[in-house]
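# Coordinate analysis (summary)
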Amino acid sequence: MRWLGQRESDNVEDRRGGGGGGLLVGGGIGTVVIAVIVMLLGGDPSEILNQSSPSQQAAQAPSGPQPDDDAASFTRKVLGSTEDIWTKLFADQGAQYRKPTLVMFRQMTQSGCGTASESSGPFYCPGDQKLYIDLSFYDELSKRFGAPGDFAMAYVVAHEVGHHVQKQLGIMDKVDALRERLSEREYNKVSVRLELQADFFAGVWAHHAQGKSFDFEPGDVEEALTAANAIGDDRIQEQTQGRVVPDAFTHGSSAQRVYWFKKGLKTGDINQGDTFNSREDANLQ
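Note that this is a predicted model, so its numbers are computed, not measured. (Residues numbered from 1 in each chain as written. Predicted model: local features only at pLDDT ≥ 70, side-chain atom pairs only at ≥ 80, totals over all residues. Heavy atoms only, no water.)

The next thing to look at is the packing of helix 3 (residues 69-92) against helix 5 (residues 150-169). Relative to each other, helix 3 and helix 5 sit at 40°, their axes nearing to 10 Å. With respect to helix 5, the axis of helix 3 lies oblique. Here helix 3 runs over helix 5; the crossing is right-handed. Facing helix 3, whose interface residues are Phe74, Thr75, Val78, Leu79, Thr82, Trp86 and Phe90, helix 5 presents Asp150, Met153, Ala154, Val157, Val161, Val165, Gln168 and Leu169. Of the residues contributing to the contact of helix 3 with helix 5, the split by class is 11 nonpolar, three polar and one charged. (Axes fitted to C-alpha atoms, helices over the stretch in contact; angles between N-to-C directions. Helix = DSSP H or I, 4+ residues; strand = E, 2+ residues; numbered from the N terminus. Parallel < 35°, antiparallel > 145°, perpendicular 65-115°, else oblique. Left-handed = near helix turned anticlockwise from the far one by under 90°. Contact = heavy atoms within 4.5 Å. Nonpolar A, V, L, I, M, F, W, Y, C, P; charged D, E, K, R; others polar.)

Take a look at the structure:
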């Protein structure tokens, strides 16, 4: 992707200078393993992370040049673009978009959802309405998931911002209210729909940002689709347990994630992303 003079967002807490530190207390190795699986699914690991007690003090911003400064600058630009696009889309609906804060950290930091670590992967915490990312995840995305490229990285950020959009629209709170009323199996189905909608919103952002924040270059869309395909529940289950269990899906299959991102990218219409009542992707599982 080729930036078109895109500004960098100021809504960033840069905690990379703290150098990590601290220990996960009380979770044990089982918690770490589960958190890794949540990371691979690209979602919000707050339930797992809340089982651990943070001992790290607040990290400080880096004082000089850092090896991942290019990734940090890129992430700021993506966040700035999402701010511009979603502010306008909300305004078109007569609403105000409240911009989230993105926290960059190394190894470990505190979040409103518990301890965030490098094994958590990028996630959105509805408790403090912040996005968290250890920039080393971009290397993981390329090396482990086989999804390299700058637009694949942008898709990851845009997906988490999609969760913030859901929070702003009241969708996330409605889904969370169902947690105590549904069985695990039924709630997983709702969770899948929440994640697929975030993929759709990532596509909506890309639709409107293209030509304003950036121009697509050859292979950009394929990079995002590769990333969406690589972190589908079916692919992750196959890798981690050797079989696919659809009832245990929490984020959707690879095909479903690709479908909804592509729909958002094609239409750019936020009103076409009702993943909860639509079953147009039913045959893609």
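Turning our attention to the packing of aromatic side chains. Inspection of every chain in the model, using the stated rule, returns 15 aromatic pairs. Ring geometry for phenylalanine 200 and phenylalanine 201: centres 5.9 Å apart, planes at 55°, overall tilted. Comparing phenylalanine 200 with phenylalanine 201 shows no difference in burial state: the two are buried. What links up through ring pairs into an aromatic cluster is the set Trp86, Phe90, Tyr97, Phe200, Phe201, Tyr259 and Trp260. (Phe/Tyr/Trp six-rings, centres within 6.5 Å; stacked < 30°, edge-to-face > 60°. Buried < 20%, exposed > 50% of the residue type's maximum accessible area, 1.4 Å probe, protein only.)

The residue proline 148 is located in the loop between helix 4 (137-143) and helix 5 in this model. Residue classification places proline 148 among the partly exposed residues on the basis of a relative accessible area of 43%. Residue contacts for proline 148: discarding those within four places in its chain leaves Ser142 and Glu223.

Along the chain, arginine 193 turns up in helix 7 (residues 184-209). A residue is classified by how much of its surface remains accessible, and arginine 193, at 6% relative accessible area, is buried. Among the polar contacts listed, one links the side chain of arginine 193 to the backbone oxygen of serine 278, at a separation of 3.4 Å. Those residues in contact with arginine 193 that lie beyond four places of it in its chain are Gln256, Trp260, Thr275, Phe276, Ser278, Arg279 and Asp281. (Polar contact = N/O pair within 3.5 Å; in protein donor to acceptor, adjacent residues only side chain to side chain.)

Another point: the packing of helix 7 against helix 10 (residues 254-267). Contact geometry of helix 7 with helix 10 gives a least axis separation of 6 Å together with a crossing angle of 35°. Crossing of helix 7 over helix 10 shows right-handed handedness. Here helix 7 contributes Val192, Arg193, Leu196, Asp199, Phe200, Ala202, Gly203, Val204, Ala206 and His207 to the contact with helix 10, which in turn contributes Gln256, Arg257, Trp260, Phe261, Lys263, Gly264, Leu265, Lys266 and Thr267. Residue composition of the contact of helix 7 with helix 10, grouped by class: nine nonpolar, five polar and five charged.

With the rule as written, the count across this model stands at two cavities of 30 Å³ or more. Estimates place the volume of the second largest cavity at around 50 Å³. Along the walls of the second largest cavity sit Leu102, Pro122, Phe123, Leu131, Tyr132, Ile133, Val156, Val157 and Glu160, which together make up its complete lining. Looking at the lining of the second largest cavity, the elements with two or more residues in it are strand 7 (130-134) and helix 5. Residue composition of the lining of the second largest cavity, by class: eight nonpolar, no polar and one charged. (1 Å grid on protein atoms, 1.4 Å probe; cavity = no way out; pocket = protein on both sides within 12 Å on 5 of 7 lines; lining within 4 Å. Points joined across faces, edges and corners; volume = space filled by probe spheres on them.)

It is worth stressing that arrangement in space is one thing and function is another; only the former is reported here.
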